Amino acid sequence: MVTVDRWSPEEFESRLRAVARARYHHLHPFNLRMHRGGLTPDEIRLWIINRFHYQRHIPVKDALILAKLDSSRLRRMWVRRIQDHDGRAEDEGGIERWLRLGEAAGLDRSLLLSGEHVPPGVRLAVEGYVNFCRLKSPLEAVASSLTEMFAPDLMVTRIEAFEKHYTWLDQDGLQYFRNRVTQGRRDSEEALGLVLGWARERSDQERAVAALSFKCDVLWSLLDAVELECRGGR
Ligand code: PQQ
């Protein structure tokens, strides 16, 4: 029987980072265009509407992960993510802050909440992520969140781009991104610790890398669908 050596923790972590470095959506043409100031106000609005569809499903997928965790310590850790998005009261949390981002861009919150203007490609990408977390092991579900290792730097780039190029948008609306810089760093450090500790075999490590790769595809496909909408849709 051939046994395959487990990667050292350093090798495993560097393989995870390499996947995200090469395939995360910071390289997507839509994001590159956003960062150099090339999006029209309507394209920014379309992106906000479509990304809201992603945002509103994050606490749903986190609840599915929560249900897989078998200790109070882990559930306490993970439930905080749901509170970060849903808030502890009606007018708090990331979802509320994203609705305010929409308002800062001149979009009524009822439009975002209606789910109108969300094309099939975005719906499928988001549903793919939620179902992945519903059906896969805790290791794979948590590993798929590790795109967040790269999200804080992207948020910083995005804030700078909005401050420079999209000054027509009320800058108070950027609070969502400002909060995510710290939340994303903390969330990804916690998730990385779990993934490094749980992956005991080389096959687990490979599954974790594949899960992260899948999540990069989700984010990439979402922006492909937004880009298609910008060009007039299907
Ligand atoms: N990813 C998660 C996750 O997988 O649990 C949660 C979030 C992300 C967020 O709350 C985000 O705001 C977020 N934002 C971006 C972005 O705007 O580029 C990316 C990601 C990500 O990498 O998955 C998340």
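Residues numbered from 1 in each chain as written. Predicted model: local features only at pLDDT ≥ 70, side-chain atom pairs only at ≥ 80, totals over all residues. Heavy atoms only, no water.

**What to know about the UniProt feature "domain: Thiaminase-2/PQQC" (unreviewed entry) in the protein chain**
Feature annotation in UniProt assigns "domain: Thiaminase-2/PQQC" (unreviewed entry) to the following positions: residues 16-224. Secondary structure across residues 16-224 comprises 76% helix and 0% strand; the distance between its end C-alpha atoms is 23 Å. (UniProt positions renumbered as here; feature names shortened; annotations may be inferred. Helix = DSSP H or I, 4+ residues; strand = E, 2+ residues; numbered from the N terminus.)

**A closer look at the packing of aromatic side chains**
Taken as a whole and judged by the stated rule, the model has 12 aromatic pairs. Here Trp 98 and Phe 177 contribute two aromatic rings whose centre-to-centre distance is 5.7 Å and whose plane-to-plane angle is 85°, an arrangement assigned as edge-to-face. Residue Trp 98 is found in helix α5 (residues 94-104), and its partner Phe 177 is found in helix α10 (residues 175-198); the two are separated by 79 residues along the sequence. Using a relative accessible area of 0% as the deciding quantity, one classes Trp 98 as buried. Residue classification places Phe 177 among the buried positions, given a relative accessible area of 0%. Measuring from centroid to centroid gives 5.1 Å for Phe 162 and Tyr 166, while their planes differ by 50°, and the two rings are tilted. Here Phe 162 falls in the buried class, since its relative accessible area comes to 0%. Every member of this aromatic cluster is reached through a ring pair, and the members are Trp 47, Trp 98, Phe 162, Tyr 166, Tyr 176 and Phe 177. (Phe/Tyr/Trp six-rings, centres within 6.5 Å; stacked < 30°, edge-to-face > 60°. Buried < 20%, exposed > 50% of the residue type's maximum accessible area, 1.4 Å probe, protein only.)

**Concerning unusual backbone geometry**
Outside of glycine, negative phi angles account for most residues, and trans bonds account for most peptide bonds. Although it is not a glycine, His 117 sits at a positive phi angle of roughly 70°. Of the residues examined, His 117 reaches a relative accessible area of 46% and is grouped as partly exposed.

**Considering the site of the ligand**
In the vicinity of the ligand lie 20 residues, with Tyr 24, Arg 51, Lys 61, Tyr 129 and Tyr 176 positioned nearest. Contacts to the ligand include Tyr 24, whose side-chain N or O atom sits 2.7 Å from an oxygen atom. Out of a free accessible area of 470 Å², the ligand has 99% covered by protein chains. When atoms are counted within 2 Å of each cavity's grid points, the one that captures over half of the ligand is the largest cavity. Where the shell around the ligand is concerned, the elements lending two or more residues are α3 (41-66), α9 (151-165), α10 and α11 (202-230). Looking at the shell around the ligand element by element, the count peaks at 5 residues for α3. (Near = heavy atom within 4 Å. Polar contact = N/O pair within 3.5 Å; in protein donor to acceptor, adjacent residues only side chain to side chain. Areas by Shrake-Rupley, 256 points an atom, 1.4 Å probe, with all protein chains shown as cover. 1 Å grid on protein atoms, 1.4 Å probe; cavity = no way out; pocket = protein on both sides within 12 Å on 5 of 7 lines; lining within 4 Å. Sits in = over half its atoms within 2 Å of the grid points.)

**Considerations on empty space enclosed by the protein**
A full pass over the atoms with the stated rule returns 1 cavity of 30 Å³ or more. In this structure, the largest cavity spans a volume of roughly 300 Å³. Around the largest cavity, the lining is made up of 25 residues, and of these Tyr 54, Ile 58, Glu 148, Ala 151 and Arg 180 lie nearest the centre. Those elements that place two or more of their residues in the lining of the largest cavity are α3, α4 (72-86), α9, α10 and α11. Ranked by the residues each element gives to the lining of the largest cavity, the list is headed by α3, at 6 residues. Among the residues making up the lining of the largest cavity, the classes are represented as 10 nonpolar, 6 polar and 9 charged. (Points joined across faces, edges and corners; volume = space filled by probe spheres on them. Nonpolar A, V, L, I, M, F, W, Y, C, P; charged D, E, K, R; others polar.)

**Thoughts on the pattern of salt bridges**
A full pass over the atoms with the stated rule returns 22 salt bridges. The partner of Asp 187 in a salt bridge is Arg 186, and the shortest N-O contact between them spans 3.1 Å. In this structure, Arg 231 engages Glu 227 in a salt bridge whose closest nitrogen and oxygen atoms are separated by 3.9 Å. Where salt bridges share partners, they join Arg 80, Arg 81, Asp 84, Glu 148, Arg 180, Arg 186, Asp 187 and Glu 190 into one cluster. (Salt bridge = Lys/Arg side-chain N within 4 Å of Asp/Glu carboxyl O.)

**Here we look at the packing of α9 against α10**
Contact geometry for α9 and α10: axes closest at 8 Å, N-to-C directions at 165°. The orientation of α9 relative to α10 falls into the category roughly antiparallel. The chirality of how α9 crosses α10 is left-handed. Of the residues in α10, those in contact with Pro 152, Asp 153, Met 155, Val 156, Arg 158, Ile 159 and Glu 163 of α9 are Phe 177, Arg 178, Arg 180, Val 181, Gly 184 and Arg 185. Residue composition of the contact of α9 with α10, by class: 6 nonpolar, 1 polar and 6 charged. (Axes fitted to C-alpha atoms, helices over the stretch in contact; angles between N-to-C directions. Parallel < 35°, antiparallel > 145°, perpendicular 65-115°, else oblique. Left-handed = near helix turned anticlockwise from the far one by under 90°. Contact = heavy atoms within 4.5 Å.)

**What about the nonpolar core?**
Counting 72 residues, the largest nonpolar core has Leu 16, Trp 47, Ile 48, Trp 98, Leu 169, Phe 177 and Val 195 as its most contacted members. Tallying contributions element by element places α11 first for this core, with 10 residues. Setting aside chain neighbours within four positions, we find Phe 177 in contact with Trp 47, Trp 98, Leu 101, Met 155, Arg 158 and Ile 159. (Core = buried A, V, L, I, M, F, W, Y, C linked by side-chain atoms within 4.5 Å.)

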